Amino acid sequence: MRQLADAMWWVKTYQKDKDHLIVMKMVMLIKSRSDLGMDAEEKALRFFDCLLGSWSGQVLDPDDQAFLDSAMRSKCHNMASLRADAVRRSIKELEVIDRLIEWQFKNMRLLMQSYESFRFAPQLLKKIDLEIRQLEQGIEKAIEDQRREVSRQ
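From a predicted model like this one, the values you see are computed outputs, not experimental measurements. As a convention, each chain's residues are numbered from 1 in the sequence order in which they are written. Per-residue local features of the predicted model are confined to residues with pLDDT of at least 70, and side-chain atom pairs are confined, for both listing and counting, to 80 or more; whole-chain, interface and lining totals are unaffected and use all residues. Calculated side-chain values reflect all of the structure's heavy atoms, with hydrogen atoms and water omitted.

1. Re the overall build of the chain
Going by this rule: Each helix is a run of DSSP H or I of at least 4 residues and each strand a run of E of at least 2, with the numbering of both proceeding from the N terminus. Radius of gyration here is computed from C-alpha atoms only, and the compact-globule reference equals 2.2 Å multiplied by the residue count raised to the power 0.38. Residue exposure (1.4 Å probe, protein chains only): buried if accessible area is under 20% of the type maximum, exposed if over 50%, otherwise partly exposed. Two residues form a contact once any of their heavy atoms are found within 4.5 Å. Methods summary: accessible areas were calculated by the Shrake-Rupley approach with a probe of 1.4 Å, and residue burial reflects only the protein chains presented.
Helix and strand counts for the chain stand at five helices and zero strands. When the helices and strands of the chain are read in sequence order from the N terminus, they spell out α-α-α-α-α. Relative to its length of 153 residues, the chain is extended, with a C-alpha radius of gyration of 32 Å against a globular reference of 15 Å. Split into buried and exposed, the 153 residues of the chain put 24% on the buried side. Taking as baseline every contact in the chain between residues at least 6 positions apart, the subset at least 24 positions apart corresponds to 70%. Of the roughly 11,500 Å² of accessible surface on the chain, a fraction of 56% belongs to carbon and sulfur atoms.

What follows is the structure in structure tokens.
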């Protein structure tokens, strides 16, 4: 069960990595071209924080929302167009992360199959034992029938 929990943790972590990669690419698309009158690094960090907050569904305070809107408008973007551009420019990196996520899902499926086979092993052993007994009884009956047949002749 711990391995299953670890795999789920990795899926969540990789998903966060994907989100951060896209948000960072969005920041890079805006940062290099817009000038909002502050240091470029400070602006990029603020834009990243605002964008990540908005991305994750948080309600931004009015100043941060205005900053975010102004930065996107400066490059004729809205949230959807900026995200689409960022995804298009980071498709190879996203494919790598998606493969890692897929690998973790495959691990989870295999772990669940192993757990199920372990859980049902006693029942399976009882079924196999019953089938073996039935086969043995069938063989014993066939041997007895042959003996009777031979003794009749």
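What follows picks up the thread again.
2. Considerations on helix H1 (residues 2-31)
For the α-helix, the turn length of 3.6 residues means that residues three or four positions removed from each other point alike. The test is simple: Helix span, expected: 1.5 Å multiplied by one less than the number of residues in the helix.
With 30 residues, H1 extends 42 Å between its outermost C-alpha atoms, agreeing within 8% with the 44 Å of an ideal straight helix rising 1.5 Å per residue. If you check which residues of H1 are buried, you get Leu4, Ala7, Val11, Thr13, Tyr14, Lys18, Ile22, Val23, Met26, Val27, Leu29 and Ile30. Lining the buried residues of H1 we find helix H2 (40-55), helix H3 (62-73), helix H4 (79-89) and helix H5 (91-152).

3. Some points on the packing of H2 against H3
Short version of the rule: Simply put, an axis is a line fit to the C-alpha atoms, just over the touching stretch for a helix, and the angle between two N-to-C directions goes from 0 to 180 degrees. Each angle gets one of four labels, with under 35 degrees taken as roughly parallel, over 145 as roughly antiparallel, 65 to 115 as roughly perpendicular, and the rest as oblique. Note on residue categories: nonpolar means Ala, Val, Leu, Ile, Met, Phe, Trp, Tyr, Cys or Pro, charged means Asp, Glu, Lys or Arg, and polar means any other residue, Gly included.
Contact pair H2 / H3: the axes reach a minimum separation of 10 Å and the direction vectors enclose 105°. Looking at the two axes, H2 sits roughly perpendicular to H3. Across the interface between the two elements, Lys43, Arg46, Phe47, Cys50, Leu51 and Ser54 from H2 touch Asp63, Asp64, Phe67, Leu68, Ala71 and Met72 from H3. A breakdown of the residues in the contact of H2 with H3 according to their chemical character gives seven nonpolar, one polar and four charged.

4. Let's talk about the layout of surface pockets
Stated precisely, the cut-off is as follows: Here the term cavity refers to a set of points on a 1 Å grid, laid over the protein atoms alone, in which a 1.4 Å probe fits but cannot get out; the term pocket refers to an open set having protein on both sides within 12 Å along at least five of seven lines, with lining residues being those that place an atom within 4 Å of a point. Grid points are joined across faces, edges and corners, and a volume is the space filled by probe spheres set on the points.
Roughly 160 Å³ of internal volume is contained in the largest pocket. What lines the largest pocket is Met1, Gln3, Leu4, Leu111, Met112, Ser114, Tyr115 and Glu116. Elements with a minimum of two residues in the lining of the largest pocket: H1 and H5. Take the lining of the largest pocket: its biggest share by element is five residues, from H5. Considered class by class, the residues forming the lining of the largest pocket number five nonpolar, two polar and one charged.

5. Some thoughts on the packing of H1 against H4
Contact geometry of H1 with H4 gives a least axis separation of 8 Å together with a crossing angle of 105°. In terms of orientation, H1 and H4 fall into the roughly perpendicular class. Facing H1, whose interface residues are Ile22, Lys25, Met26, Leu29 and Ile30, H4 presents Met79, Leu82, Arg83, Asp85, Ala86, Val87 and Arg89. Here the contact of H1 with H4 is built from residues that sort into eight nonpolar, no polar and four charged.

6. Description of the packing of aromatic side chains
The geometry of an aromatic ring pair is captured by two quantities: the separation of the ring centres and the angle between the planes. Cut-off, in case you're wondering: Stacked, tilted and edge-to-face are the three classes applied to pairs of Phe, Tyr and Trp rings, where Trp contributes its six-membered ring and a pair requires centres within 6.5 Å; stacked means planes under 30 degrees apart, edge-to-face means over 60, and tilted covers the rest. Two conditions define a charge located above a ring, namely a distance within 6 Å from the ring centre to NZ of Lys or CZ of Arg, and an angle within 35 degrees of the ring normal.
Counted according to the given criterion, the structure contains three aromatic pairs. Between Phe47 and Phe67, the aromatic rings sit 6.4 Å apart at their centres with planes inclined by 70°, giving edge-to-face as the arrangement. A residue pair is termed long-range when its members are at least 10 positions apart, and Phe47 in helix H2 and Phe67 in helix H3 qualify at 20 residues. The same class applies to Phe47 and to Phe67, which are both buried. By the ring-pair criterion, three or more aromatic residues cluster together here, those being Trp9, Trp10 and Tyr14. Taking NZ or CZ as reference, Arg46 lies 4.2 Å from the ring centre of Phe67, over its face.

Geometric descriptors of this kind do not, in isolation, establish any biological role.
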